[in-house]
Amino acid sequence: MNLNISEQFLILAMHPEKPRYLVSGPSIHAGLIGAMLIDLSIEEKILIENGRLKCKSSTSKLSEAHQRMLTFIHDSSKERSVKLWIRKMSGRTGTYRKLMLEILQHKGIIRLEKKRFLFVPYLKAYLIKKNDRIKLINAIRDTLIYTKKTDLEMASLLGLIQACQMIRILSKESSERKHFKIKLDQIMKSDEIASGVNIVVREMQAAILASLVVTTVAASH
């Protein structure tokens, strides 16, 4: 599959049979923004310096959604931490997700249906290429089972799975999920992930977790 991190994240989060997601709304929102920022980092359009997210370029070739995000960051008068950017862009997630889903439909991976509720339009997304999702999940499972060396792409997906509490997409068995969670914690704490370019993944992961905590606290009140 020639898919970026954002596209893979959405495919993983989708229910294989029904037009819904397997993770919470806040996790989808924060996770997608984090995934798109990772994409822009891999594309070398942004970087993290002294805890602040900075633009290296004002143009992205990834997608319209990525370009809109990059423009929003580039045109800001302030440099912010990743955590603050994820929080600031939370209100734009619906637009970003719609654009990313349209790309996945164009690639023939999903099918979109336009619906309306009380005159408010919305989209239902159905997964078509279910084998692509299965292959992606199997690759992640193999990494956890055999403790395979992780490249930046796999580290990004593992970080998103951990931050968005998506471990249950990897197995139906509670004992296996528990084992995967332990392995995932070990991998994400390893020197391999904590050093070099993968520090971007750790920054995004921490920012997503912080965003989800804020959302959960707000909802409880």
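In short, a report on the structure. Remember, predicted model here, so these are calculated numbers, not experimental data.

Conventions and cut-offs
- Residues numbered from 1 in each chain as written.
- Predicted model: local features only at pLDDT ≥ 70, side-chain atom pairs only at ≥ 80, totals over all residues.
- Heavy atoms only, no water.
- Helix = DSSP H or I, 4+ residues; strand = E, 2+ residues; numbered from the N terminus.
- Rg over C-alpha atoms; globule rule 2.2 N^0.38 Å.
- Buried < 20%, exposed > 50% of the residue type's maximum accessible area, 1.4 Å probe, protein only.
- Contact = heavy atoms within 4.5 Å.
- Arc of directions from axis to C-beta.
- Polar contact = N/O pair within 3.5 Å; in protein donor to acceptor, adjacent residues only side chain to side chain.
- Expected span 1.5 Å × (residues − 1).
- Axes fitted to C-alpha atoms, helices over the stretch in contact; angles between N-to-C directions.
- Parallel < 35°, antiparallel > 145°, perpendicular 65-115°, else oblique.
- Left-handed = near helix turned anticlockwise from the far one by under 90°.
- Nonpolar A, V, L, I, M, F, W, Y, C, P; charged D, E, K, R; others polar.
- Pairing = 2+ DSSP bridges.
- 1 Å grid on protein atoms, 1.4 Å probe; cavity = no way out; pocket = protein on both sides within 12 Å on 5 of 7 lines; lining within 4 Å.
- Points joined across faces, edges and corners; volume = space filled by probe spheres on them.

Brief notes about the overall build of the chain
Now for step 1: If you tally the helices and strands in the chain, you get ten helices and four strands.
Now for step 2: Each helix and strand of the chain, ordered N terminal to C terminal, gives the series α-α-β-β-α-α-α-β-β-α-α-α-α-α.
Now for step 3: Taking 17 Å as the expected radius of gyration for a compact globule of 221 residues, we find that the chain reaches 17 Å, a close match to that expectation.
Now for step 4: Each of the three principal axes of the chain carries a C-alpha extent, and together these read 50 × 45 × 40 Å.
Now for step 5: The buried share of the chain, taken over its 221 residues, is 44%.
Now for step 6: Long-range contacts, defined here as pairs at least 24 residues apart, represent 59% of the contacts in the chain between residues at least 6 apart.

Let's talk about helix H3 (residues 64–74)
Now for step 1: By the burial criterion, the buried members of H3 are Ala65, His66, Met69, Leu70, Phe72 and Ile73. End-on, the buried residues of H3 take up no more than an arc of 160 degrees, which puts them together on one face.
Now for step 2: Backbone nitrogen of Ala65 and a side-chain oxygen of the N-cap are separated by 3.3 Å at the start of H3; the cap is Ser63.

Comments concerning helix H7 (residues 152–163)
Now for step 1: With twelve residues, H7 extends 16 Å from end C-alpha to end C-alpha; this agrees with the ideal 16 Å at 1.5 Å per step.
Now for step 2: Counting buried positions along H7 yields nine of twelve residues, so the element is predominantly enclosed.
Now for step 3: Along H7, the residues classified as buried are Met154, Ala155, Ser156, Leu157, Leu158, Gly159, Leu160, Ile161 and Ala163.
Now for step 4: In the segment just after H7, Gln165 is the residue with positive phi, at about 55 degrees.

Concerning the packing of H7 against helix H8 (residues 174–188)
Now for step 1: The contact between H7 and H8 brings their axes to 10 Å, and the two run at 125 degrees. Taken together, H7 and H8 sit at an angle that is classed as oblique. Seen along the crossing, H7 lies across H8 with a hand that is left-handed. Where H7 approaches H8, its residues Ala155, Leu158, Gly159, Ile161 and Gln162 are matched on the opposing element by Leu184, Asp185, Ile187 and Met188.
Now for step 2: Residue classes in the contact of H7 with H8 are distributed as six nonpolar, two polar and one charged.

Considerations on the pairing of strand S2 (residues 52–55)
Now for step 1: Looking at chain direction, strand S1 (residues 46–49) and S2 are connected through four bridges and run antiparallel. Pairing of Ile48 across the sheet is with Leu53, part of S2.
Now for step 2: Where S1 hands over to S2, the hairpin turn is made up of two residues, of which Asn50 adopts a positive phi near 55 degrees.

A closer look at the layout of surface pockets
Now for step 1: Space inside the largest pocket adds up to approximately 320 Å³.
Now for step 2: Around the largest pocket sit 16 residues that line it, and Lys98, Leu101, Pro121, Tyr122 and Leu123 are the ones nearest its centre.
Now for step 3: Counting residues per element, the ones that place at least two in the lining of the largest pocket are helix H5 (93–106), strand S3 (110–117) and strand S4 (120–127).
Now for step 4: For the lining of the largest pocket, a count of residues per class yields nine nonpolar, one polar and six charged.
Now for step 5: Approximately 270 Å³ is the volume attributed to the second largest pocket.
Now for step 6: In terms of lining, the second largest pocket is formed by 13 residues, of which the most central are Pro16, Arg133, Ile137, Ile169 and Lys172.

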